[in-house]
Every structure is written in structure tokens, then in C-alpha cells.
Amino acid sequence: MNSTVGTTIRILAVSLACTSWLPAAYAQTNPTQGNADQSRRNDITWAVGAGGVRSPAWLGSSHTRYDFLPYFAFNWRDIVELSITDGLSIDLLQGSTWHGGLTGTWRRGRSTHDLGALAEAGIAPLSNAWQAGTYLEHVPVKNLTLGISFTHDIQSTGAAYGDAYIEWDIPVLKPVEHSLKLAREFMNRSAMQRFFSVPANAAAALGVQPYQPSAGASGTRLSYEAFLPTSRSTGFAIGFHWTRLASKPASSPLVRDYGDKTQRTYLMAFLVHF
């Protein structure tokens, strides 16, 4: 399942195909037990690893930050999935073409260090936020998924988010697993103001007009994600994510004067999967 996004990277919104990649040869070492062993293996798959991520210092920033990325992913029959990058999803429908249920994830905030001089002017840092919500997906044809999701902060921020997306699992270059995803993202008023408002005191210090955006589209995101196997149980996961902020975020002085309406996130991790 695909978690919601902002440019904070579904922070970290990254759904890596590596969590379910198991080559067919994996179950062929013992023909007399292959089917039973494969069935047990397919009940649970998991992966561990480590890598790095390069992302905007804060949502809308023109500066970047580099972070170590410990990686963990767990998948039980494609019903329960949990990973560092995607969070938690539980498929309650379990249909052949319809999937949907519950999701939990998190969204990165911003520190005074991330903000730099903006923090000195009065722009507030933001704590990381845990989120819960629901999603619905439809698979009209093989390798193509249409979906929507809605999440809200568990903390008392009042922030809520939604996105509508289409994802294509590219059926070429096997055994490489890779996909393209296009998503349109939305925020309610509380979320929009949480990330993009400029209060009067900070506006005066910065020499700009105060800004209080309303609810609306927050951006359009294009993602490419891939898993490049190096053996039957190891490989590299990569992700490239480009977001173009919509008009309301882009009109904020934070983005217009001190940031960039094009947000880019890149990650790579080496994984061992079981």
C-alpha cells in the first residue's frame, strides 16, 4: 500500500518493491518440499538494511539535509505491511482487484537547525507527527493501481492530508523490480498553515507580508522506486521523488523568498531480505 505524501518523504512516502521480492528459484532447492516450503516463506517476508537519504531540510526548503537511513520492512501475506519508509498498512478488503483498510505513518517536522536564520526571525520549528488514516486501491489491469488515502495527525495539530495516485509496476528488466507513481496531494487548512504560514511577528522580521493559506492542493509528486538484486537474498533499494508544490504553498514567503517549489528526495539502501 502507498502511504500519503508530502514532500516530507511519505517522508518519507516511499513504497519499495523490495519488501516482497523473492526470486522463483528460491524454492527450488528441494523439489519434494518446494511447495510447502514456499507457502511458509510466502506467509512472512522481511528485510533489514541501511543506507542514506537526501531530502529538503524542511517542506518547501531550497536547502538539503543528509540522513542515515536504517531500514526495516515486514510483510505478512500482503495483508499486514510495516516498514521504516511506508509505515503500517492493513488490507481489510483483501480482494483480487480491490484493496483497502487502515494505515499509519509519520511526517517529519523541522528543527531550529533546519530553519537557520528563519528560526531567529520567528518561524516556529515543528515536531515530527504520527499519523493514522485509511486507504482504498483498485487494480483495473495487471501492474496498474489507482488509489486514494486520507490521514490525520494523531497529535493535536488538527492537520489532515489526502492524496489520489496512480502507480505502474514496470514489467521489464527482470529481475529488477521497479515502479512509477504519480500523486496529487492535498492538505486541510491546519496542515497548510502548519507548514506554510508566516505569522505577523515573523513577517515583520523578514520584511514580508503575513501569510495564512487555506485548505487545498499541496503538490504533485512523481516517484520512481526500484529494487536491484545482487543475490537471491540481497540487493539495493533506490527511490527518486520529485514534488512540485501547488500554488498555495508556493505563494508562501517561506517558499517564494527562501525556498524552492520543486522538492527533491533521493534515497538508497542495501538490504538483506528473508
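These numbers come from a predicted model, not from an experiment.

### As for the overall build of the protein
- Assigned secondary structure in the protein consists of seven helices and 12 strands.
- Per-residue burial over the protein gives 46% buried out of 274 residues.
- A total of about 12600 Å² of accessible surface is found on the protein, and carbon and sulfur atoms cover 61% of it.

### Re the side chain of Thr243
- By secondary structure assignment, the location of Thr243 is in strand β11 (residues 234–245).
- By relative accessible area, which is 2% here, Thr243 ends up buried.
- Separated by 3.1 Å, the side chains of Thr243 and Arg221 make a polar contact.

### As for the nonpolar core
- Within the largest apolar cluster, 13 residues are counted, with the highest numbers of intra-cluster contacts made by Trp58, Leu118, Ile123, Val198, Leu206 and Leu254.
- The greatest single-element share of this core, amounting to three residues, is contributed by helix α5 (residues 200–206).
- In this structure, Leu118 is in contact with Trp58, Ile123, Leu206, Leu254 and Tyr258, ignoring residues within four places of it in sequence.
- In this structure, Leu59, Met192, Phe196 and Val255 belong to the second largest nonpolar core, which totals 11 residues.

### Points about the packing of aromatic side chains
- All told, the structure shown has seven aromatic pairs when counted by the stated rule.
- Relative to Trp242, the ring of Phe240 lies with its centre 6.2 Å away and its plane at 15°, an arrangement referred to as stacked.
- Given the relative accessible area of 33%, Trp242 is considered partly exposed.
- In textbook terms, an aromatic cluster arises when at least three aromatic residues are bridged by ring pairs, as seen for Tyr224, Phe240, Trp242 and Tyr266.
- Here Lys181 stacks its cationic end above the ring of Tyr165, 4.6 Å away from the centre of that ring.

### A closer look at the pairing of strand β8 (residues 160–170)
- Alignment of strand β7 (residues 144–153) against β8, held across nine bridges, turns out to be antiparallel. Across the sheet, His152 pairs through a bridge with Ala160, a residue of β8.
- From the end of β8 to the start of strand β9 (residues 177–187), which pair antiparallel, there are six residues, and Leu173 there has a positive phi angle of about 65°.

### Brief notes about the pairing of β7
- Taking every second residue as pointing to the same face, the buried face of β7 carries Thr145, Gly147, Ser149, Thr151 and Asp153, while none of Leu144, Leu146, Ile148, Phe150 and His152 on the other face is buried.
- Following strand β6 (residues 129–141), the chain reverses through two residues before pairing antiparallel with β7; Asn143 in that reversal takes a positive phi of roughly 75°.

### Observations regarding a nonpolar patch on the surface
- On the surface, Ile44, Trp46, Val48, Phe72, Trp76, Leu82, Ile84, Leu88 and Phe274 cluster together to form a nonpolar patch covering roughly 710 Å² of accessible area.
- Looking at the nonpolar patch, the elements with two or more residues in it are β1 (44–56) and β2 (64–76).
- Here the nonpolar patch takes three residues from β1, the largest share from any one element.
- Within the secondary structure layout, Trp46 lies in strand β1.

About the thresholds
- Residues numbered from 1 in each chain as written.
- Predicted model: local features only at pLDDT ≥ 70, side-chain atom pairs only at ≥ 80, totals over all residues.
- Heavy atoms only, no water.
- Helix = DSSP H or I, 4+ residues; strand = E, 2+ residues; numbered from the N terminus.
- Buried < 20%, exposed > 50% of the residue type's maximum accessible area, 1.4 Å probe, protein only.
- Areas by Shrake-Rupley, 256 points an atom, 1.4 Å probe, with all protein chains shown as cover.
- Polar contact = N/O pair within 3.5 Å; in protein donor to acceptor, adjacent residues only side chain to side chain.
- Core = buried A, V, L, I, M, F, W, Y, C linked by side-chain atoms within 4.5 Å.
- Contact = heavy atoms within 4.5 Å.
- Phe/Tyr/Trp six-rings, centres within 6.5 Å; stacked < 30°, edge-to-face > 60°.
- Lys NZ or Arg CZ within 6 Å of the ring centre and 35° of its normal.
- Pairing = 2+ DSSP bridges.
- Patch = residues over 30% accessible without salt bridge, like charges linked within 9 Å, V, L, I, M, F, W, Y side chains within 5 Å.
- Salt bridge = Lys/Arg side-chain N within 4 Å of Asp/Glu carboxyl O.

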